[in-house]
Amino acid sequence: MAGITREDVAHLGRLARLELSGEELDSFAQQLDDIIGAVARVSEVAVQDVPPTSHPLPLTNVMRPDTVRPSLTAEQALSGAPAQEQQRFKVPQILGED
Amino acid sequence: MTDIIKLTAAETAEAIAAGKFTAVEVTEAHLARIDAVDEKVHAFLHVDREGALAQARAVDAKRAAGEPLGPLAGVPLAMKDIFTTEGVPTTVGSKILEGWIPPYDATVTKKLKAAGVVILGKTNMDEFAMGSSTENSAYGPTGNPWDLTRIPGGSGGGSAAALASYQAPLAIGTDTGGSIRQPAAVTATVGVKPTYGGVSRYGMVAFSSSLDQGGPCARTVLDAALLHEVIAGHDPLDSTSVDLPVPPVVEAARSGDVTGLRVGVVKEFGGEGYQAGVVQRFQESVQLLRDLGAEVVELSCPSFTYALAAYYLIAPSECSSNLARFDAMRYGLRVGDDGTRSAEEVTALTREAGFGPEVKRRIMLGTYALSSGYYDAYYGSAQKVRTLITRDFDKAFEQVDVIVSPTTPTTAFPIGERVDDPMAMYLADLCTIPTNLAGNAAMSLPCGLAPEDGLPVGLQIIAPALKDDRLYRVGAAVEAAFVAKWGHPLLEEAPQL
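Residues numbered from 1 in each chain as written. Chains lettered and ligands numbered in written order. Predicted model: local features only at pLDDT ≥ 70, side-chain atom pairs only at ≥ 80, totals over all residues.

Points about the sheet that holds strand β8 (residues 295-299) of chain B
Pairing between sheet strands relies on hydrogen bonds along the backbone, with the strands arranged either parallel or antiparallel. Residues and elements named next belong to chain B. Read across the sheet, 11 strands follow the order β1-β3-β2-β4-β6-β5-β10-β11-β9-β7-β8 without closing on themselves; strand pairing throughout is mixed. The open sheet is flanked by β1 (44-47) and β8, the only strands paired with a single partner. Neighbour to neighbour, the strand axes of the sheet diverge by 30 degrees on average, direction disregarded. Note: strand β9 (residues 402-406) against strand β11 (residues 456-463), 4 bridges, orientation antiparallel. (Pairing = 2+ DSSP bridges. Helix = DSSP H or I, 4+ residues; strand = E, 2+ residues; numbered from the N terminus. Axes fitted to C-alpha atoms, helices over the stretch in contact; angles between N-to-C directions.)

Here is the structure:
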């Protein structure tokens, strides 16, 4: 078993920007421990001389000509915004006041 | 009028082109069917009545003007709610996108519209396509038309259920670990995961970008091929789109000749956890292929036993990164913005409120697998397993033209049975996952009912990358032989809704 604790889940929640409830910390700790315990077996066969595959296609740097083409208008781009002001996305404060 | 809904897509398009009935009549018949049965099935999250009828009228006008019609013009389709549709809600089965109206069409949406296909609406799915039962939808589960108390598969359960209940002859799905094929298997419909890169991902909400692939769903192999041809092809807006001609899938579906074809049976697709009736129907399918003139070869792909473990590291890792975009700033839900909280706090509150349990589980699993100190052991090892699986496929395809297996180890399980046991749920994708990891192509089609529960069993056909046409060649042969044996398509045996 991977030994995932309630504190580990709280830490993962902070990294992943999830404000987890106390109840969730308990249930996720158990479930993540089970899942990680089960998937850890990948290391049994992943030996040194096997190269990793990140993608099914052997693609690198797909290029296209840099030409001007139609895109969303500001109004369209803002159409789903939770809040907007002066043709911009309005967001909560990012830096502290002081 | 009631007969219209039972027609195949090919027959429907032909009848419209011949003037037997109009596209508007076809659309109205399907909208009436949705009104009659979808309260029970819950395949649709949103029905776009006006948009569908406008598209149908445009097809009728084109025909009246003597303009040429495409092979699927006027045929209704159910669209998985993961593709953006301009002006029509797109939720991905999540509360975090509730009420969002995309300002643009996905490439698949654009291609369907250009082909005169009538998009009836958006279908239910597991939230962000994460699941095998459609129970993870934030908008409630979908029932399997064979037994409404059972799951229709997932994540594309809505699309499969719409087909199986004659609410649409065509549907679109996406397949990251089996989300087209497993729903097809448990509803007695046909679903194809094309070769990775075969169908554009532009405008398809991302879950696991190196695995996600859109594809066709239908009630017959030929209908799936016709739809495949409409939606496939290179797209400069998707940098992982394959810049090669679309394989001749329609031609293959019309041929259906398997004489001399070498068919592989992989021993790792079997054993513990496989339902007896599923194994029985699979073995009958293998015998049927022999009878049709194919040569059956037994194979071993030892690394396939590690596929599920590798998948549940790779897919959550990519999802944890992809879903970071849901930050409550530019679109979608925003919770807790009371003027005192920081952007970071609002993001965390919104994601907590907007994502369901499975999505949170996978985001955290991915965050864990990618974190420093664990990266090599988990994500790095999973990527190596991916290489081993691809090598096993390469070796297998030196000996055979296609591989066959059961699509899923069991028939449809009851709604609620596995929802609190993630590992049990994940087992539904045991046979479908290797194909996503390697990026090749696969199909599921009906091969009978399991004797013990009378529920549909799917046969999976797997082809090498870019050889999607082989799926249709073999699928058409198997379908024709089974329909001849049964005297009718399997779906005819489904109970009346």
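Remarks on the environment of B:Pro451
Residues and elements named next belong to chain B. Looking at where Pro-451 falls in the secondary structure, it is placed in the loop between β10 (441-449) and β11. Judged by the 11 C-beta atoms lying within 10 Å of it, Pro-451 falls in the exposed class. Taking the C-alpha atoms as reference points, Pro-451 and His-488, separated by 37 residues in sequence, lie 18 Å from one another. Discounting residues that sit within four places of it in the chain, Pro-451 has contacts with Gly-277 and Gln-280. (Buried ≥ 20, exposed ≤ 12 C-beta atoms within 10 Å, placed from the backbone. Contact = placed C-beta atoms within 7 Å.)

Things to note about the packing of helix α2 (residues 23-41) of chain B against helix α3 (residues 49-64) of chain B
Residue and element names in this part refer to chain B. Relative orientation of the contacting elements α2 and α3 amounts to 155 degrees, with a least axis distance of 7 Å. Considering their axes alone, α2 and α3 lie roughly antiparallel with respect to each other. Contact residues: Ala-23, Val-24, Val-26, Thr-27 and Leu-31 in α2; Arg-49, Ala-52, Leu-53, Ala-56, Arg-57, Val-59 and Asp-60 in α3. When grouped by side-chain class, the residues that make up the contact of α2 with α3 number 8 nonpolar, 1 polar and 3 charged. (Parallel < 35°, antiparallel > 145°, perpendicular 65-115°, else oblique. Nonpolar A, V, L, I, M, F, W, Y, C, P; charged D, E, K, R; others polar.)

Describing the interface of chain A and chain B
Residue-level contacts link 44 residues of chain A with 55 residues of chain B. In terms of residues, the side of chain A that touches chain B owes the most to one element, helix α2 (residues 22-39) of chain A, which gives 8 residues. Split by residue class, the side of chain A that touches chain B holds 29 nonpolar, 10 polar and 5 charged.

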